[in-house]
Amino acid sequence: MAGRLSHIDTAQPDLIARATLRIDTPGPALIEITHDAAQFLNQSGAGDGALTAFVQHTSASLTIQENADPDVQKDLQDFFAWLAKSGPRFRHTAEGPDDMPSHIRSALTQTSIGIPLQKGRLALGTWQGIYVFEHRDAPHRREVMLQVIGD
Amino acid sequence: MAGRLSHIDTAQPDLIARATLRIDTPGPALIEITHDAAQFLNQSGAGDGALTAFVQHTSASLTIQENADPDVQKDLQDFFAWLAKSGPRFRHTAEGPDDMPSHIRSALTQTSIGIPLQKGRLALGTWQGIYVFEHRDAPHRREVMLQVIGD
Amino acid sequence: MAGRLSHIDTAQPDLIARATLRIDTPGPALIEITHDAAQFLNQSGAGDGALTAFVQHTSASLTIQENADPDVQKDLQDFFAWLAKSGPRFRHTAEGPDDMPSHIRSALTQTSIGIPLQKGRLALGTWQGIYVFEHRDAPHRREVMLQVIGD
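All figures in this text were calculated on a predicted structure; none of them were measured in a lab. (Residues numbered from 1 in each chain as written. Chains lettered and ligands numbered in written order. Predicted model: local features only at pLDDT ≥ 70, side-chain atom pairs only at ≥ 80, totals over all residues. Heavy atoms only, no water.)

### Some remarks on the relation of the copies chain A and chain B
Then, number 1: Once chain A is rotated about the relating axis by 120° and shifted along it by 0.0 Å, it coincides with chain B to within an RMSD of 0.0 Å. Such values leave the two copies arranged in the relation of a three-fold axis. Among all residues of chain A, the minimum C-alpha distance to the rotation axis is found for L108 of chain A, at 3.3 Å.
Then, number 2: The fraction of interface residues of chain A whose copies in chain B are also interface residues is only 12%, indicating that the copies meet through different surfaces. (Least-squares fit on C-alpha atoms with pLDDT ≥ 70 in both. Contact = heavy atoms within 4.5 Å.)

Have a look at this one:
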């Protein structure tokens, strides 16, 4: 064994809850939705279980990242902007020069994230925040489906 | 709050269903399996809940991407082929020169994707398709486990 | 249809179980936790369902990779070390020169992985192992939340 396992907490699944979160993005940005997800969780009444966050787009994505120093988010944006433009030339340019790099950045990060719950709270680490990663140049309205299966 | 939360829909979880999807790949390609996942969902009878798609390989992966313009898939393939070959030389060459780049592309994309359901349908966005991303040069038989927990 | 779907196995969800796995890392490494996850599963008594593994950090991550040739893990480490250092200079340096590259490598891999169960076992492919990917230079104590929803 590589690690040490704590005691196990158990519960009975008896709830599925689902809502849609609408986010207006300002163009390229990481927009924190941790508090929105917590609000959804509160309203659902779930105690234990797992949350799924799912972004219904292919040019915006999700990531869990440090929520302390805003420079982390700027560095992340710069890195992914650099990376998506460093490869071969793109064929798909009909939707604008920023569309295909957005698909690339989306494929390199997450469309879907599962997060366990612990006594009615998201079991995030101290410095973890959930972010919508907007990759397009123009502002967009984005939809994130939030779902919990729990008790 | 960053966004606006819709009302919450709820249901009672009373079903786990699981099947294996076998895909014959032609070598490097993105093969859409959205309709296979929808067929599984139909046969399972699930209404609400969440689907997990899990590829049982480390040189093929999963991604959710645009299903409209086939050039997007070609550009994705070219980008990931370029990226995996741009780094340091690989030690692991015993299974062929395309094996380690395949592991890299797999690590950069997804082995597992969770997708919420909404009234018996996958809650995908308008332009989202689920793809098996074959990274090896030769044709392979790939297995994707599909599972739903729902009602 | 792209593939061939097997018959469907079903079960009734009646269990949520959760534990924390503590891992002491030696600095940059891929540490396999497949057996820890299997031990958790055994102790939980779950038969069917899905496991969520969630790392509560933003400078360590999770990946599912080949568990046969240790060179695969070395090549993965070298590739991701190279990639995170190939981009633009970072602003976020207060926590050391290895911190921001660690966030990048974390964003490029997984914070969360969902794995279906099959008759009380993780439905991993033959060569798949679950790894904690330590990105920081110094040894760290890391926490991975393991959770199962199943029967």
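### As for the interface of chain A and chain B
Then, number 1: The partner chain B presents 49 residues to the 52 residues of chain A that form the contact.
Then, number 2: Taking both sides of the interface into account, the surface hidden between chain A and chain B amounts to around 4,000 Å²; carbon and sulfur atoms contribute 59%.
Then, number 3: In terms of surface lost to chain B, no three residues of chain A exceed I16, R18 and R91 of chain A, which account for 19% of the buried area on that side.
Then, number 4: Across the contact surface, chain A and chain B share four salt bridges.
Then, number 5: The interface formed by chain A and chain B includes 22 residue pairs in polar contact (both at pLDDT 80 or more).
Then, number 6: Those elements giving two or more residues to the side of chain A that touches chain B turn out to be β3 (15-25), β4 (29-32), α1 (34-44), β5 (49-55), α2 (70-85), α3 (99-108) and β10 (140-150) of chain A.
Then, number 7: Class assignment for the residues of the side of chain A that touches chain B results in 23 nonpolar, 19 polar and 10 charged. (Buried area = accessible area lost by both parts, 1.4 Å probe. Salt bridge = Lys/Arg side-chain N within 4 Å of Asp/Glu carboxyl O. Polar contact = N/O pair within 3.5 Å; in protein donor to acceptor, adjacent residues only side chain to side chain. Helix = DSSP H or I, 4+ residues; strand = E, 2+ residues; numbered from the N terminus. Nonpolar A, V, L, I, M, F, W, Y, C, P; charged D, E, K, R; others polar.)

### Quick look at the pattern of salt bridges
Then, number 1: Under the defined criterion, the tally for this structure stands at 30 salt bridges over all chains.
Then, number 2: A salt bridge links R18 of chain A to D48 of chain B; its shortest N-O distance comes to 2.8 Å. Of this pair, R18 of chain A sits in strand β3 while D48 of chain B sits in the loop between α1 (34-44) and β5 (49-55), which puts the two residues in different chains. D48 of chain B shares its class with R18 of chain A; the two are buried. (Buried < 20%, exposed > 50% of the residue type's maximum accessible area, 1.4 Å probe, protein only.)

### A look at helix α3 (residues 99-108) of chain C
Then, number 1: Burial analysis of α3 of chain C places 10 of its 10 residues in the buried class, which makes it a mostly covered element.
Then, number 2: Those residues of α3 of chain C that sit buried are D99, M100, P101, S102, H103, I104, R105, S106, A107 and L108 of chain C.
Then, number 3: Where α3 of chain C is buried, its residues touch β6 (60-66), α2 and α3 of chain A, α3 (99-108) of chain B together with β6 (60-66) and α2 (70-85) of chain C.

### With respect to the confidence of the model for chain A
Then, number 1: Looking at chain A, pLDDT values average 97 and 100% of them are 70 or higher.
Then, number 2: For this predicted complex, the interface confidence reaches an ipTM of 0.97, while the overall pTM sits at 0.98. (pLDDT = per-residue confidence, 0-100.)

### Examining the sheet that holds β4 of chain A
All names here are of chain A.
Then, number 1: A sheet is described by the order of its strands in space; here three strands give the open sequence β4-β9-β6, paired in antiparallel fashion. Sheet topology places β4 and β6 at the edges, where each strand pairs with a single neighbour. Taken pair by pair, the neighbouring strands of this sheet meet at an average axis angle of 35°, ignoring direction.
Then, number 2: Pairing of β4 with strand β9 (residues 128-134), which is carried by four bridges, proceeds in the antiparallel orientation. Among the inter-strand pairings, L30 is bridged to a residue of β9, identified as F133. (Pairing = 2+ DSSP bridges. Axes fitted to C-alpha atoms, helices over the stretch in contact; angles between N-to-C directions.)

### Topic: the pairing of strand β9 (residues 128-134) of chain C
Residues and elements named next belong to chain C.
Then, number 1: Here β9 lies mainly inside the structure; seven of its seven residues are buried.
Then, number 2: Where β6 and β9 come together, seven bridges link them in antiparallel fashion. From the neighbouring strand, I64 faces β9, where its bridge partner is I130.

### Some words on the packing of helix α2 (residues 70-85) of chain B against α3 of chain B
All names here are of chain B.
Then, number 1: The contact between α2 and α3 brings their axes to 9 Å, and the two run at 115°. Pair α2 / α3 crosses with right-handed handedness. Between α2 and α3, the contacting residues are F80, A81, L83 and A84 on the first element and P101, I104, R105 and L108 on the second.
Then, number 2: By residue class, the composition of the contact of α2 with α3 is seven nonpolar, no polar and one charged. (Left-handed = near helix turned anticlockwise from the far one by under 90°.)

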